[in-house]
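Analysis of the macromolecular model
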Amino acid sequence: MLFQGFAASLELQNLFAAFVGVTLGTIAGVLPGIGISGTIALLLPISFGMDTLTALIMFSGIYYGAMYGGSTTSILVNVPGEGASVVTCLEGHQMAKKGRAGAALAVAAIGSFVAGTLGVVGITFFAPPLANAALAFGPPEYFSISLLGLVVLTNLSGKSPLRAFIMMLVGLMIGTVGIDPMTAINRFTFGSTQLAKGLDFIIIVMGLFGMGEVIATICERQTDIKVEKVKFRDLYPTITEIKRSIMPIFRGGFIGFFMGLIPGPSATISTFVSYALEKKISKHPEEWGHGAIEGVAGPESANNAASSSQMIPLLSLGIPFTSSAALLLSGFMIHGIQPGPMLVSSQPVLFWGLIASMYVGNVMCLILNLPLVGVFASLLRVPLNLLMPVVAVITFTGAYVLNYSLFDLGVLFVFGLLGYLFQKSGFEPAPLAIGAFLGPQLEQGLMQAMIICEGSLWNMMTRPLAGAMLWLTTLLVVGVLVKTLIKYMNSRRGLS
Amino acid sequence: MIERYLSGFFLLLSGLYFYFANDISFGELAKPKAGFLPNIIGFLALVLSGVNFFISMGKKIDSDNEGTIDVFAAKNIALLSVGTIAYIVLLSFAGYLIATVLYLFYLIKVTRTKGTIKPALLSLSVVFAFYFCFVILLDVALP
Amino acid sequence: MKAGRLVATIGSVLCALIIVTGCGSSTPKTAEKPKYPTKPINIIVPYAPGGSSDMVARALAKVSVKYLGQPMVIINKPGAAAQIGLNELGDSKPDGYTIGIANSGMVLQPLVGQTKYNYATDLDGVAMVGHIPFVLAVRTDAPFKTIEEFINYAKANPGKIKYGHTGVGNTAHTAPEQLALLAGVKMEPIPYDGGAPLITSLLGGHIQAIMNNPVDLQAQVKANKIRVLAVAGETRIDDPLYKDVPTFKEKGYNVIAILWQGFGAPKGIPQETLKVLRDGFEKMATDPETVQAMKALGLVPKFMNGQEFGAYWVTEQNSLKKTLDETGILKMIKEQKK
C-alpha cells in the first residue's frame, strides 16, 4: 500500500507540487505574521483545477514548510513568526547574539527533519488507534493539561518564581479581554469594538520579543557596536553541539508527536513542554537563557512532530484540531474528499500517496533549508543600526497582514515597550506569553468541565486522565510552596 | 528604579482588573459564569503583586542589579514612540509604500547612521521588496 | 427660383435634422459614464481564512471575472463574532466596490449586545447563495435511537443530557433550546469554541448530543459512529445519507434552524450599480462550478435575490428575538452583568 503511495508521490507533477508547497510554506513561515492559513487560503482557488492528489500534496507541503521556516526569524531577530516559534526565540536568539546563529538554524532544520520524519512514520503505523485515543480527551482533560502546563512552565525562568507567577497572571488577564466565547458578553472592552476582538497572542509575542529586542538595541547604544566578521566554519554547528542535540531532538519529537493529538494549538504547547524538560535535565544549567543548544533542538523537533501528528485526527476522524488543519480540510472537501474513518479504505491511493509525499516533503525541506542557513546567518552581519529598523518594519508589516488591523500595530508597539522594560527589570516575558496563550484554553476547559462534572471537583479528580494530571499539579504546587517555605526559614535561621 | 515602577504598575493593574471583574457575575460552581475566572485571577494577581511591591520597595537601591533608564534611552524611546504613532496614522492616509519608506528612513536616522543617500536607498529597496513579496507574490492587501 | 430655394432650404433643414438626431442618439454612447465595475471589487469576510464562509466567498469570487468582468479580492477581517468585519462593511463607501458576507450569524449580535449597526436593517442584500438545515446528532451507541427515545430519556432524566453548542445565541444553541421548550425537557448547554472540538467531544462521549451542520458530520455518519436523529428544516434533506431522517416538524416539534450564507452591501449604493451587482451575483451563484463547490462545502445551493434577502434578514432577526426571549437565553446573557 505504502509503496503504491510512494510511486504516486514520486510522479513528476507531484514532486513539483511538493516543491512549490514547501517553498511557499517556508517563505510564509519566515515572514512573520503571514501564516499557513493565509497562504493555503490564497492558493485554494488556484488548486481547483489541479488533480486532487497534486493539490493535497501542495497544501501539506505548505503546512510543514511553514513549520521549518518559522524558526528562522525567531533565531535571527527574536521575532516569533507564530506561536510555535516563541520558545525558539529564548535560546535561539541568544545563540545568534553569540555568533552561533548558523548553528542554531542548522540544528533547528535537522531536528525538524528527524522529528518530522519520525512523525510521519508514526502516522503510517499508528494512525487509527491514536485517533481514538485522542477522543478520550474531553474538557476536563483540557483544563487539567492547561493547568499543569501553566504550573510547570511558569518555572521556566530561573529568577523569582513570584515574579514569574505574576507575569503569568497578567498574561491570563490579557487573555480574558474581549468577547467571551462562552457567554457572548464583552469583558474589559470598555465599549471598543477593537478591544472586543481580544488581544491576539501572536501580536503580543511579536511585540514582547521582537519589538522589545529592537527597542532595546536602539536604546542601549548597541547599534554603535561594530559586528565582527563571522568565519564560514562558524556558520555550521560543531560536533559537540550536534552531539548535544541528538537526544533533545528525539525527546522533543516524542513529546511533540503525542501532544499533537490533542485538540488545540498543541504544537505551541509542545514546544514549551520540551523546553522545560530539556532545561530540567540539562547538564549545563548555567547556559540556559544565554544560548543552550538543547533549547533549540528540542522545541523545534517538538513542533514539527506535532504538526505531523495533527494530521492524524484530520485524516482518520475528519476533524481538524487547529485552524491550519481546518484549511487543509476545506482543501480536501473542495476536491470532494471527505477525510474520516472511511478514507483509508475508500481512497487508499490518495491516503498513502499523501503520506508518502510527506516523507518526500520533509527531505525537500531539509535540502532547501540547510544551504539557506548560511545565507540567513550572514544576514546578521548587517550592521545593527540598519538591521533593527528593517526588523521593525518586517514586524509591523507581518502584524498588519495577520488581521488587517492598524489597532494591532499599536498593540504591537505598546508590548514592545513593555518587553523592553521587562527585560531591564527582571520580569520575564515568557510566563506572560504562556499565560496569554493558555488562558483562554484554561478558562474554556474550566467552564465546560464544571458543567460536565456538575460542579464537583471530586468528579473531575476521579476521571482517569484528568484526575492524574490534577493530582500531579497539586503535588507540584505544594512542592514549590514547601521549597519556598524551607528556603525562607533557612535564610531566617542563617541571619539569626 | 524600573523594578519599583513596574511592581507598582502591576499592583495598580491587578487592582483595576479585579475592580472591573467584580462587575461580571460570578456564577456558581456547577454553572460558572463569565466572571468566574477573572475574579479568581484578579484576586490572586492583586495579592501577589502586593507582596511583590512590598518586597521591591524594601530592597536597597543597588545600581548593579537594578535597571535604570538613562537620558539616552529615554530620548530614544520618545523618538521611537512619536515616529511609530506617526507611521500608524500615515499608513491610513498615504498607504503602505509611502508611509513605510518614510518610517524606515526615520528609524535608520534614529539609530545614528551617518549619511542620507545610503539610508534612503536602503529604505526604498527594502520596502519595495516587501511590497513585492506580500502584494504581488502572496496577493495580500496592504493599506 | 424661390421654390427651388425653398425646396433646398427644407431639404437641408431635413438633412440637418436627420444628422442631428442621428448624432444625438450616438452621443449618449460616447459621453456615457464608464460601466460599473471598472476595478476589482472587495469582499469583506468577517472570519478567518478557511472557514466555510470564507470558502464560499472564494468559490464565488473565482467566477466573477466571467460574469462581472472584474476580479474580486477577499479581505479577511476576523474578530468579535464577525462584528469587526460587519462594522467595516457598514462603514464603507456605498459605491459598489465593497461588499461583504452576510450569513445567519449576523442577526444575533445586535440583539444581545451593543453593536455599531443593526446589521439586519443597516445593510442591503446582494444575494443569498445557499443554506443548510441543522440536524440533531448523537453517538450511535447512545441509548436513544430515535428522536422519540431521545425526548423520553430527557424527560426521565432532567438535566442529565448535556449538549454542546458553538456559541451563546448561535443556531447550535437556540435550536436545542427551542426543542427543549417545545418538548418540555431540560438539557444542559455547554459552550464550545467551534465545530471541531464540538464533534470531538461528542465522539468521545463527553457530551451526549449536538445540533450541527450535517455536512461536518458526514464522515462520522458514514463510519457509523454518529447517528442523526432529526432535521430542523421544512423538508427532509436530499442527500441519500440522510433520507431516512425525519424532520422535527413531522414529529410534532416546530423546530426550524437553518444556516444561510449570502452577501450584503452598505446601504446607499446607486440603484443601477446595485442592479448590476445583484444580477452578476445571480449568475455567479448559479454557475455550475460554484454550485458544485458549495455542495462540497456543505451548503444546499439556493439563490435568493438581493431584495428578498434583505427582507429575509429582518424576519429572521424577529423570529430569533422571539426564540431568545422564549428560551430565556436573552435573560441569561443580560444576567452576566450583575
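Small disclaimer: the values here were computed from a predicted structure and weren't measured.

1. Details of the overall build of chain C
Across its full length, chain C carries 14 helices and 11 strands. Each of the 338 residues in chain C was classed as buried or not, and the buried ones make up 55%. Contacts spanning at least 24 positions in sequence make up 77% of the contacts within chain C whose residues lie at least 6 apart. For chain C, the computed accessible surface area is about 14,800 Å², with 57% contributed by carbon and sulfur atoms.

2. Details of the interface of chain A and chain C
Facing the 45 residues of chain A at the interface are 45 residues of chain C. Carbon and sulfur atoms supply 66% of the area that chain A and chain C bury against each other, a total of about 3,900 Å² over both sides. Of all residues in chain A, Leu135, Tyr404 and Ile451 of chain A bury the most surface against chain C, accounting for 13% of the area lost on that side. Taken together, the connections running from chain A to chain C amount to zero salt bridges. Where chain A touches chain C, the interface holds one residue pair in polar contact (both at pLDDT 80 or more). When contributions to the side of chain A that touches chain C are tallied by element, the ones reaching two or more residues are α3 (36–47), α7 (139–154), α9 (193–196), α15 (323–334) and α20 (429–452) of chain A. It is α3 of chain A that contributes the most residues to the side of chain A that touches chain C, six residues altogether.

3. Remarks on the packing of aromatic side chains
If you walk through the whole model with that rule in mind, you get 19 aromatic pairs over all chains. Residues Phe188 of chain A and Tyr17 of chain B carry aromatic rings whose centres are separated by 4.3 Å and whose planes lie at 20 degrees to one another, so their mutual orientation is stacked. Here Phe188 of chain A is found in the loop between β2 (186–187) and α9, whereas its partner Tyr17 of chain B is found in helix α1 (residues 2–21) on a different chain. Seen from their ring centres, Trp260 of chain C and Phe309 of chain C are 5.5 Å apart, and the 80 degrees between their planes marks the pair as edge-to-face. A residue pair is termed long-range when its members are at least 10 positions apart, and Trp260 of chain C in strand β10 (residues 258–266) and Phe309 of chain C in helix α13 (residues 306–327) qualify at 49 residues. Phe309 of chain C carries the same exposure label as Trp260 of chain C, and that label is buried. Among the aromatic side chains, those forming a connected cluster through ring pairs are Trp260, Phe309, Tyr312 and Trp313 of chain C.

4. A short note on the nonpolar core
Among the nonpolar cores identified, the biggest contains 136 residues, and Phe209, Phe396, Phe422 and Leu432 of chain A are the most heavily contacted of them. For this core, the two domains that each supply at least three residues are domain 1 (1–68) and domain 2 (69–143) of chain B. The residues contacting Leu432 of chain A, other than those within four sequence positions of it, are Met167, Met168, Val170, Gly171, Ile174, Ile204, Leu208 and Phe422 of chain A. Formed by 104 residues, the second largest nonpolar core is a distinct cluster that contains Tyr64 and Trp352 of chain A together with Phe281 and Met294 of chain C.

5. Here's the deal with the sheet that holds strand β5 (residues 135–139) of chain C
Residue and element names in this part refer to chain C. Taken in spatial order, the five strands of this open sheet run β7-β6-β8-β5-β9, and their pairing is mixed. At either margin of the open sheet sits one strand with a lone partner, and together these are β7 (188–191) and β9 (226–231). Along the sheet, successive strands turn relative to each other by an average axial angle of 30 degrees, direction set aside. The pairing of β5 with β9 spans five bridges and is antiparallel.

6. Re the interface of chain A and chain B
Contact residues are listed per partner, giving 58 residues for chain A and 64 residues for chain B. Buried area between chain A and chain B, summed over both chains or domains, comes out near 5,600 Å², and the portion from carbon and sulfur atoms is 82%. On the surface where chain A and chain B come into contact, there are zero salt bridges. Our enumeration of links across chain A and chain B arrives at three residue pairs in polar contact (both at pLDDT 80 or more). Of all elements in the fold, only α8 (161–175), α10 (201–219), α18 (384–403), α19 (406–425) and α20 of chain A reach the threshold of two or more residues within the side of chain A that touches chain B.

7. A short note on α13 of chain C
All names here are of chain C. Between its first and last C-alpha, α13 extends 31 Å over 22 residues, near the 32 Å set by a 1.5 Å rise per residue. For α13, the complete set of buried residues consists of Gly306, Phe309, Gly310, Tyr312, Trp313, Gln317, Leu320, Thr323, Leu324 and Thr327. Relative to the axis of α13, the buried residues are bounded by an arc of 150 degrees and lie together on one face. Among the exposed residues of α13, those pointing more than 90 degrees away from its buried face are Gln307 and Lys322. The opening residue of α13, the one whose side-chain oxygen lies 2.9 Å from the backbone nitrogen of Gln307, is Asn305. Just past α13, the residue Gly328 takes up positive phi, approximately 80 degrees.

8. Thoughts on a nonpolar patch on the surface
Residue and element names in this part refer to chain A. A contiguous nonpolar surface patch, about 440 Å² in accessible area, is contributed by Leu118, Ile242, Ile246, Met247 and Phe250. Counting residues per element, the nonpolar patch draws most heavily on helix α11 (residues 239–259), at four residues. Structurally, Ile246 can be placed in helix α11.

9. Thoughts on unusual backbone geometry
Phi is positive for Asn224 of chain C, close to 65 degrees, though the residue is something other than glycine. Of note, Asn224 of chain C is situated in the loop between α10 (214–222) and β9.

10. Structural notes on the side chain of Ser53 of chain C
Residues and elements named next belong to chain C. If you trace the backbone, Ser53 turns up in helix α2 (residues 52–62). For Ser53, a relative accessible area of 6% gives the class buried. Leave out the neighbours within four places in its chain, and Ser53 touches Tyr47, Ile101, Asn103 and Gln261.

11. What to know about the side chain of Glu278 of chain A
Looking at the element boundaries, Glu278 of chain A is found in helix α12 (residues 266–280). A relative accessible area of 1% means that Glu278 of chain A is categorised as buried.

12. Considering the confidence of the model for chain C
All names here are of chain C. Considering every residue of chain C, the mean pLDDT works out to 80; 88% of them sit at 70 or more. Element-level pLDDT for chain C is lowest in helix α1 (residues 2–31), with a mean of 45, against a maximum mean of 91 in β5. Here residues 13–32 scores under 50 on pLDDT; set against residues more than four positions off or in separate chains, the count is zero contacts. Scored as a complex, the prediction yields pTM 0.76 and ipTM 0.84.

13. A closer look at the pattern of salt bridges
All names here are of chain C. For the coordinates displayed, the defined rule picks out 14 salt bridges over all chains. The closest approach of N and O atoms between Lys66 and Asp287, which form a salt bridge, is 3.0 Å. Taken together, the positions of Lys66 in helix α3 (residues 64–68) and Asp287 in the loop between α11 (271–286) and α12 (288–297) put the pair 221 residues apart, joining distant regions of the chain. Residue Asp287 is classed as buried on the basis of its relative accessible area, which comes to 2%.

14. A word on the packing of α10 of chain A against helix α3 (residues 71–110) of chain B
Packing of α10 of chain A against α3 of chain B leaves a shortest axis separation of 8 Å and a crossing angle of 130 degrees. Our classification of the angle between α10 of chain A and α3 of chain B gives oblique. Crossing hand, α10 of chain A versus α3 of chain B: right-handed. Listed contacts from α3 of chain B to Ile215, Ile218 and Cys219 of chain A of α10 of chain A are Phe72, Ala73, Asn76, Ile77, Leu80 and Val110 of chain B. Looking at side-chain class alone, the contact of α10 of chain A with α3 of chain B contains eight nonpolar, one polar and no charged residues.

15. Side note on the sheet that holds strand β2 (residues 72–76) of chain C
Residues and elements named next belong to chain C. With respect to topology, six strands assemble into an open sheet ordered β2-β1-β3-β10-β4-β11, the strand pairing being mixed. The sheet terminates laterally at β2 and β11 (300–305), the two strands that pair on one side only. With direction set aside, neighbouring strand axes in the sheet form an average angle of 25 degrees. The sheet contact formed by strand β4 (residues 123–133) and β11 spans four bridges and is antiparallel. Across the sheet, the residue bridging to Met128 is Met304, located in β11. The strands touched by α2 within the sheet are β1 (41–45), β2, β3 (98–103), β4 and β10, with β2 carrying the most contacts at an inclination of about 165 degrees.

16. Points about α8 of chain A
Residue and element names in this part refer to chain A. With 15 residues, α8 ought to run about 21 Å at 1.5 Å a step, and its terminal C-alpha atoms sit 21 Å apart, in line with that. In terms of burial, α8 is largely enclosed, as 12 of its 15 residues are buried. Buried within α8 are the following residues: Leu162, Arg163, Ala164, Ile166, Met167, Met168, Leu169, Val170, Gly171, Leu172, Met173 and Ile174.

17. Details of the packing of helix α4 (residues 52–77) of chain A against helix α6 (residues 101–135) of chain A
Each pair of packed helices can be described by the angle between their axes along with the distance between the axes. Residue and element names in this part refer to chain A. Relative to each other, α4 and α6 sit at 160 degrees, their axes nearing to 10 Å. Judged by the angle between their axes, α4 and α6 are roughly antiparallel. In this structure, α4 crosses over α6, and the sense of that crossing is right-handed. Contact residues: Tyr68, Ser71, Thr72, Ile75 and Leu76 in α4; Ala101, Ala104, Leu105, Ala108, Ala109, Ser112 and Phe113 in α6. A per-class count over the contact of α4 with α6 returns nine nonpolar, three polar and no charged.

The rules behind these values
- Residues numbered from 1 in each chain as written.
- Chains lettered and ligands numbered in written order.
- Predicted model: local features only at pLDDT ≥ 70, side-chain atom pairs only at ≥ 80, totals over all residues.
- Heavy atoms only, no water.
- Helix = DSSP H or I, 4+ residues; strand = E, 2+ residues; numbered from the N terminus.
- Buried < 20%, exposed > 50% of the residue type's maximum accessible area, 1.4 Å probe, protein only.
- Contact = heavy atoms within 4.5 Å.
- Areas by Shrake-Rupley, 256 points an atom, 1.4 Å probe, with all protein chains shown as cover.
- Buried area = accessible area lost by both parts, 1.4 Å probe.
- Salt bridge = Lys/Arg side-chain N within 4 Å of Asp/Glu carboxyl O.
- Polar contact = N/O pair within 3.5 Å; in protein donor to acceptor, adjacent residues only side chain to side chain.
- Phe/Tyr/Trp six-rings, centres within 6.5 Å; stacked < 30°, edge-to-face > 60°.
- Core = buried A, V, L, I, M, F, W, Y, C linked by side-chain atoms within 4.5 Å.
- Domains from an automatic or database assignment.
- Pairing = 2+ DSSP bridges.
- Axes fitted to C-alpha atoms, helices over the stretch in contact; angles between N-to-C directions.
- Expected span 1.5 Å × (residues − 1).
- Arc of directions from axis to C-beta.
- Patch = residues over 30% accessible without salt bridge, like charges linked within 9 Å, V, L, I, M, F, W, Y side chains within 5 Å.
- pLDDT = per-residue confidence, 0-100.
- Parallel < 35°, antiparallel > 145°, perpendicular 65-115°, else oblique.
- Left-handed = near helix turned anticlockwise from the far one by under 90°.
- Nonpolar A, V, L, I, M, F, W, Y, C, P; charged D, E, K, R; others polar.

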